[in-house]
Amino acid sequence: NSSDLNTSSFILASIPGLEAAHFWMAILLCSVYIVAVTGNCAVLFIVKTEPSLHAPMYFFLCMLAAIDLALSTSTVPRVLAFYWFNTREISFNACLVQMFFIHTLSAIESTVLLAMAVDRYVAICHPLRHAAILTNAATAKIGLVAMARGVLFFLPLPLLLLPLPFCNSRVLSHSFCLHQDVMNLACANTTPNVVYGLTAILLVMGLDAILICLSYILILKAVLRLALWQERLKVFSTCIAHICVVLAFYVPLIGLSVVHRFGKDLAPLVHMIMGNVYILVPAVLNPIIYGVRTKQIQRRILNLI
């Protein structure tokens, strides 16, 4: 029976007592999803059609927009189908594919955020060499490296789950599939999954976060060497948007990790909220943050309106 269940389906999580409100929850989720898709598509269109934005920083912003579109689209439509049509079951293979996209795209986004931090460091600390170091070709190569890094590190996660038997409860903690959530349902030794999953997270997201912090330490040192406070504020203000985007990505990621690790006794609503925040908050906030902080994008949006 356990081997038969290994290739069966999982049950997506529902909030106990709020089943009757699923329709209205789906309306809210769909509205947020539409905002995320519209904002990120607008960023891609504006950067593509505005020659003054054809620079590495905005190419990285386009990468973020494409990643956020892919990440939200790989999860939200399935969640909406669950809420609207009560299709709670998801097949084992579909769950593994969704898990792969969620973790891989998150790793790619982390790498792009690190590249944007390096871009800010070079622009502020070595402005005369910025155009020579971060060329369009170098930017494209960084994007390819980010994709390869994400795939190589996180492809083993679903592969390690393939041989495991699932003979306990098949109910997930979220309305989509995450590695740790699925792994906890296995009735076999999951030590290799735990060790590899933690190693991948530390070598990708953990290392990226450390290097981003290091970049901003060097940026602060360079800014503090400037004589006037007005100059310091003007230079550092070019980093505000990126800092906000980094926080919008890492704070939900850390919060979701803490809930998985220490929040087993928390209410299901907490798990649901943290999962949806992790998927949707960066996708919604990133275009808004750069739209507010970038005058060229502001002007182009006003012209479009």
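A brief report on the enclosed structure follows.

Analysis parameters
Residues numbered from 1 in each chain as written. Predicted model: local features only at pLDDT ≥ 70, side-chain atom pairs only at ≥ 80, totals over all residues. Heavy atoms only, no water. 1 Å grid on protein atoms, 1.4 Å probe; cavity = no way out; pocket = protein on both sides within 12 Å on 5 of 7 lines; lining within 4 Å. Points joined across faces, edges and corners; volume = space filled by probe spheres on them. Helix = DSSP H or I, 4+ residues; strand = E, 2+ residues; numbered from the N terminus. Nonpolar A, V, L, I, M, F, W, Y, C, P; charged D, E, K, R; others polar. Salt bridge = Lys/Arg side-chain N within 4 Å of Asp/Glu carboxyl O. Buried < 20%, exposed > 50% of the residue type's maximum accessible area, 1.4 Å probe, protein only. Contact = heavy atoms within 4.5 Å. Axes fitted to C-alpha atoms, helices over the stretch in contact; angles between N-to-C directions. Parallel < 35°, antiparallel > 145°, perpendicular 65-115°, else oblique. Left-handed = near helix turned anticlockwise from the far one by under 90°. Arc of directions from axis to C-beta.

**Looking at empty space enclosed by the protein**
Now for step 1: The final tally for this structure, using the stated rule, is 1 cavity of 30 Å³ or more.
Now for step 2: Considered as a void within the structure, the largest cavity measures approximately 40 Å³ in volume.
Now for step 3: Listing elements by their share of the lining of the largest cavity, those giving two or more residues are α4 (76-85) and α13 (268-293).
Now for step 4: Top contributing element to the lining of the largest cavity by residue count: α13, with 3 residues.
Now for step 5: Within the lining of the largest cavity, the residues separate by chemical class into 6 nonpolar, 2 polar and no charged.

**What to know about the pattern of salt bridges**
Now for step 1: In the structure shown here, the tally under the stated rule is 3 salt bridges.
Now for step 2: Among the ionic pairs, E50 bridges to R300, the shortest N-O distance being 3.1 Å. Here E50, found in the loop between α2 (22-49) and α3 (56-73), pairs with R300, found in helix α14 (residues 295-304); they are 250 residues apart in sequence, far enough to count as distant.
Now for step 3: Linking D119 and R120 is a salt bridge whose minimum nitrogen-to-oxygen distance equals 3.0 Å.
Now for step 4: In this structure D119 comes out as buried when scored by relative accessible area, which is 1%.
Now for step 5: R120 gets classed as buried once you look at its relative accessible area, which sits at 11%.

**Considerations on the side chain of S215**
Now for step 1: Here S215 is to be found in helix α10 (residues 191-224).
Now for step 2: S215 gets classed as buried once you look at its relative accessible area, which sits at 9%.
Now for step 3: Those residues in contact with S215, other than ones at most four positions away along the chain, are A117 and Y121.

**With respect to the packing of helix α7 (residues 136-154) against α10**
Each packed pair of helices is defined by two parameters, the angle between the axes and the distance between the axes.
Now for step 1: For the pair α7 and α10, the least separation of the axes is 10 Å and the interaxial angle reads 160 degrees. Relative to α10, α7 is oriented roughly antiparallel. Read as a crossing pair, α7 and α10 show a hand that is left-handed. Only Y196, A200, I201, L203, V204, M205, L207 and D208 of α10 make contact with α7, whose side of the interface consists of R149, L152, F153 and F154.

**Overview of the environment of L18**
Now for step 1: Looking at where L18 falls in the secondary structure, it is placed in the loop between β1 (9-11) and α2.
Now for step 2: Separated by 144 residues in sequence, L18 and L162 place their C-alpha atoms 33 Å apart.

**Description of α4**
Now for step 1: Within the sequence span of α4, burial applies to V76, V79, L80, F82 and Y83. Projected down its long axis, α4 shows its buried positions confined to an angular sector of 155 degrees, all on one face.
Now for step 2: The inward-facing, buried residues of α4 abut α2, α3 and α13.
Now for step 3: Of the residues trailing α4, N86 is marked for its positive phi of about 60 degrees.

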